[in-house]
Amino acid sequence: MQNVRIFADKDMPISEIGDDLYSSFIEHLGRSVYEGIYEPDHPSADENGFRGDVLALVKELGFTKIRYPGGNFVSGYNWKNGIGPKENRPIKLDLAWKTTETNEFGTDEFMKWCRLAGVEPMMAVNLGSGSPMEAAELVEYCNHAGDTSLTRERKRNGGEHPYGVKMWCLGNEMDSEGQIGHLSAQAYADKAKEAAKLMRYVDGSLKLVCCGSYCTSSPTYPEWDRVVLETLYDDVDYLSLHQYFWPQGNDLDYYASSVCMDEYIRTMAGVCDFVRAKKRSKKQMMLSFDEWNIWNIPKSGEANWSRAPHILEDSYTLQDAVVFSSLMSTLVNHADRVKCACLAQAVNVIAPIATQKGGKAIRQTTFYPYALFSAYARGTAYRVVIGAPDLNSEAHGAFPCVTASVAERAGEVTVFVTCFSEKETRTEIELRSFGELKCVGHIAMEGDLGARNTFSFPETVRPKEKELCRKEGGKFILQTKGVSFHVLRFAREK
Ligand code: AHR
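Calculation rules
Residues numbered from 1 in each chain as written. Predicted model: local features only at pLDDT ≥ 70, side-chain atom pairs only at ≥ 80, totals over all residues. Heavy atoms only, no water. Pairing = 2+ DSSP bridges. Helix = DSSP H or I, 4+ residues; strand = E, 2+ residues; numbered from the N terminus. Axes fitted to C-alpha atoms, helices over the stretch in contact; angles between N-to-C directions. Contact = heavy atoms within 4.5 Å. Near = heavy atom within 4 Å. Polar contact = N/O pair within 3.5 Å; in protein donor to acceptor, adjacent residues only side chain to side chain. Areas by Shrake-Rupley, 256 points an atom, 1.4 Å probe, with all protein chains shown as cover. Nonpolar A, V, L, I, M, F, W, Y, C, P; charged D, E, K, R; others polar. Domains from an automatic or database assignment. Buried area = accessible area lost by both parts, 1.4 Å probe. Salt bridge = Lys/Arg side-chain N within 4 Å of Asp/Glu carboxyl O. Buried < 20%, exposed > 50% of the residue type's maximum accessible area, 1.4 Å probe, protein only. Phe/Tyr/Trp six-rings, centres within 6.5 Å; stacked < 30°, edge-to-face > 60°.

Asker: What exactly am I supposed to notice about the sheet that holds strand β10 (residues 286-294) here?
Answerer: Two orientations exist for strands paired in a sheet by backbone hydrogen bonds: parallel and antiparallel. The eight strands lie next to each other as β2-β3-β6-β7-β8-β9-β10-β11, forming a closed barrel whose pairing is parallel. Across the sheet, the mean angle separating the axes of adjacent strands is 30° when strand polarity is ignored. Pairing of strand β2 (residues 23-25) with strand β11 (residues 338-344), which is carried by three bridges, proceeds in the parallel orientation. When the bridges of β11 are listed, Ser23 appears paired with Cys342. On top of the sheet, helix α3 (residues 132-143) reaches β6 (120-125) and β7 (167-170); it is set at about 165° to β7, its chief contact.

This is the structure:
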């Protein structure tokens, strides 16, 4: 038996948890759009061709915003190909993913789908093959209320009222050499500055996100971020972060994923603050972690210019879901700087929802921790102090065997605990400053770490209600038996 202590104090808040922390991403990639959210022949499809079964699952996840249309795809995308009568839309090669893009689904379909899903659109503009003027025209098409040829076209395409898209990404991963139209940091910053200027000429209220490094192993990380911010600091509201995590050959390295995410966020906040100090600026740059997830499949697979190929269709285990929960705690623990986070992606492509063409839509294991955080990690995040034995990762060094986060809303406190120890563990949770609390809920994900949900057995892995934590000397006691994830809810005694 080993002992762990978790402590949080009402006088040590981190920040309000922004609703945008629960955002996601849909890219024209594989079967994310086609056979994912859009499949006109599916039995559950509505008159727009939107799958009703997928919409229902998307709603369960409680996303706030969804980023669209890419990803790498956006850097070669001409948005004008995706509007107007479907029969007139060109069929194009998508060079980013080597697929054939029919353009049947485009901006207007996405806006309509977002309305039905109850999410806000978050658009990315093409700063690869595209120009700042084309980006400004997309803003005009989406947001302008006046009478222009483009807004007439939007109305003809079903968008009677402006779509009012608030948040816009200035390109995608432009530091990556494989990105269409890849640029050096300074060249990107200059192009993005011009795009920001023109886009804001059209709509001064936009919130803009500039590209950060595409991953921490990028050769120009984190210098790219410094150079870009030195040019764009006054023009943008967020620096974009992207990071994926995968089992690196052994469990302990994998379990240290949240340590890597934590270090990445701290580094990027540090780069922002360095530039802020250099500029003597009063503004604090926020972070948009607009691509994050567990990504097990090393290669994208062969698309061979096919339509809606089965690429990047990761199948997640319980172990992945547990690691995933620690990443979500890490995002909550940085709620003061990470104001937006997009789970990449929502459907089929490294996603919590998997679909069959003409068939089922199922919840992957990672669906559940996401839904639980989205439901309960709301309100204010509190600093958590953890006293726990260390585990040792060859790649990342020593790290505590427990990751946790604490949120409070309307007097209800929720503690999220991820335990990476295989040993029996007794965790004492000290929350006395929040008042006289009692445990009102305990949901856990534990068991066979290799288990996964499949179309034949879609409910193999799901959270289970567990016995409530008992109180001992004013502290709550959680007993765990192995690698697992726990959501503990506490409410006032009276
Ligand atoms: O989400 C899949 C891909 O990962 C995106 O297209 C790209 O931005 C990232 O590298």
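Asker: Looking at this structure, I do not really get the site of the ligand. What am I missing?
Answerer: As a matter of local geometry, the ligand sits amid Phe25, Glu27, Leu29, Gly71, Asn72, Trp97, Asn172, Glu173, Tyr244, Glu291, Trp295 and Gln345. For the ligand, an oxygen atom lies 3.0 Å from a polar atom in the side chain of Asn172. A distance of 3.0 Å is found between an oxygen atom of the ligand and a side-chain nitrogen or oxygen belonging to Gln345. Relative to its free-state accessible area of 280 Å², the ligand is covered by the protein chains to the extent of 93%. Each residue belonging to the shell around the ligand can be placed in one class, and the counts come to five nonpolar, four polar and three charged.

Asker: Mind showing me how you'd approach the domain arrangement of the chain here?
Answerer: A common measure of how large an interface is: the accessible area buried when the components associate. Along its sequence, the chain is organised into domain 1 (2-11 + 382-492) and domain 2 (18-378). Here the C-alpha centre of domain 2 lies 30 Å away from the C-alpha centre of domain 1. Taken together, the 42 residues of domain 1 in the interface contact 38 residues of domain 2. Summing the contributions of domain 1 and of domain 2, the shared interface buries around 3,400 Å²; its carbon and sulfur component is 66%. Of all residues in domain 1, the largest losses of buried area upon contact with domain 2 belong to His396, Phe420 and Phe455, amounting jointly to 20% of the total for that side. At the boundary of domain 1 with domain 2, the tally comes to zero salt bridges. Where domain 1 packs against domain 2, one counts 12 residue pairs in polar contact (both at pLDDT 80 or more). Listing elements by their share of the side of domain 1 that touches domain 2, those giving two or more residues are β14 (380-387), β15 (390-393), β17 (402-409), β18 (412-419), β20 (437-445) and β24 (484-492). Residue composition of the side of domain 1 that touches domain 2, grouped by class: 21 nonpolar, 12 polar and nine charged.

Asker: Got a minute to help me understand the pairing of strand β19 (residues 425-430) in this structure?
Answerer: The side chains of a regular strand alternate, residue by residue, between the two faces of the sheet. Among the six residues in β19, six count as buried, and that is most of the element. Sheet topology note: the strand β1 (residues 2-16)/β19 ladder contains six bridges and is parallel. Bridge pairing in β19 places Gln2 opposite Thr425. Relative to strand β23 (residues 475-480), β19 runs antiparallel, the two being bridged by five bridges. In the sheet register, Ile429 faces β23, and the bridge partner there is Phe476.

Asker: Quick question: what am I supposed to make of the packing of aromatic side chains here?
Answerer: The geometry of an aromatic ring pair is captured by the separation of the ring centres together with the interplanar angle, meaning the angle of the planes. Across all of its chains, the model carries 22 aromatic pairs by this definition. With centroids separated by 6.2 Å and ring planes inclined at 90°, the aromatic side chains of Tyr22 and Tyr370 adopt a geometry described as edge-to-face. Within this pair, whereas Tyr22 is found in the loop between β1 and β2, its partner Tyr370 is found in helix α10 (residues 367-376), the two being separated by 348 residues in sequence. In this structure Tyr370 comes out as buried when scored by relative accessible area, which is 0%. Ring centres 4.9 Å apart and planes at 85° place the aromatic pair Tyr382 and Phe434 in the edge-to-face group.

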